[in-house]
Amino acid sequence: MKYINANEILPVRLVEELQKYVQAGYIYIPAKAKQHKSWGELSGYRKELEDRNKRIIPDYKQSISKENLLDFYYLSVYAIRKIINKK
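As a starting point, this report considers the structure included with it.

So, how was this worked out
Residues numbered from 1 in each chain as written. Predicted model: local features only at pLDDT ≥ 70, side-chain atom pairs only at ≥ 80, totals over all residues. Heavy atoms only, no water. Axes fitted to C-alpha atoms, helices over the stretch in contact; angles between N-to-C directions. Helix = DSSP H or I, 4+ residues; strand = E, 2+ residues; numbered from the N terminus. Parallel < 35°, antiparallel > 145°, perpendicular 65-115°, else oblique. Contact = heavy atoms within 4.5 Å. Nonpolar A, V, L, I, M, F, W, Y, C, P; charged D, E, K, R; others polar. Buried < 20%, exposed > 50% of the residue type's maximum accessible area, 1.4 Å probe, protein only. Lys, Arg positive; Asp, Glu negative; His and termini not counted. Salt bridge = Lys/Arg side-chain N within 4 Å of Asp/Glu carboxyl O. Polar contact = N/O pair within 3.5 Å; in protein donor to acceptor, adjacent residues only side chain to side chain. Core = buried A, V, L, I, M, F, W, Y, C linked by side-chain atoms within 4.5 Å.

### Brief notes about the packing of helix α4 (residues 66–73) against helix α5 (residues 77–85)
No. 1: Put simply, α4 and α5 touch, their axes get as near as 10 Å, and they point 110° apart. When the axes of α4 and α5 are compared, the pair comes out roughly perpendicular. Where α4 approaches α5, its residues Lys-66, Leu-69 and Leu-70 are matched on the opposing element by Val-77, Ile-80, Arg-81 and Ile-84.
No. 2: By residue class, the composition of the contact of α4 with α5 is five nonpolar, no polar and two charged.

Okay, here's the thing in structure tokens:
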């Protein structure tokens, strides 16, 4: 997340009003419910992980050992088990 100086985007009166509550601090302004994006949606990382997980299951079903999956996908035993056992 990129921080923006309030003086650059807000009217002076609004900045002065905000300064009554917070000075030299950070305020998180959440997106409206309709505009909210879930984790990884903007970067595409969520889709990337889903695609990876979809490849792991057939690999495992084709008798590739968990140990080989660990090495190939750089994941822990716990992560591989979690992906394989997910229903």
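Text resumes after the structure shown.
### Regarding the side chain of Asp-59
No. 1: As for its position among the elements, Asp-59 is in helix α3 (residues 45–61).
No. 2: For the buried residue Asp-59, which engages in no salt bridge, the nearest side chain bearing the opposite charge is Arg-55, 6.2 Å off.
No. 3: Separated by 2.6 Å, the side chains of Asp-59 and Tyr-73 make a polar contact.

### Topic: the nonpolar core
Considering soluble globular proteins, one finds that nonpolar side chains tend to be buried as a cluster.
No. 1: Membership of the largest hydrophobic core is limited to seven residues, which are Ile-56, Leu-69, Leu-70, Tyr-73, Ile-80, Ile-83 and Ile-84.
No. 2: When contributions to this core are tallied by element, the ones reaching two or more residues are α4 and α5.
No. 3: Sequence-distant contacts of Tyr-73, defined by excluding residues within four places in its chain, comprise Arg-52, Arg-55, Ile-56 and Asp-59.

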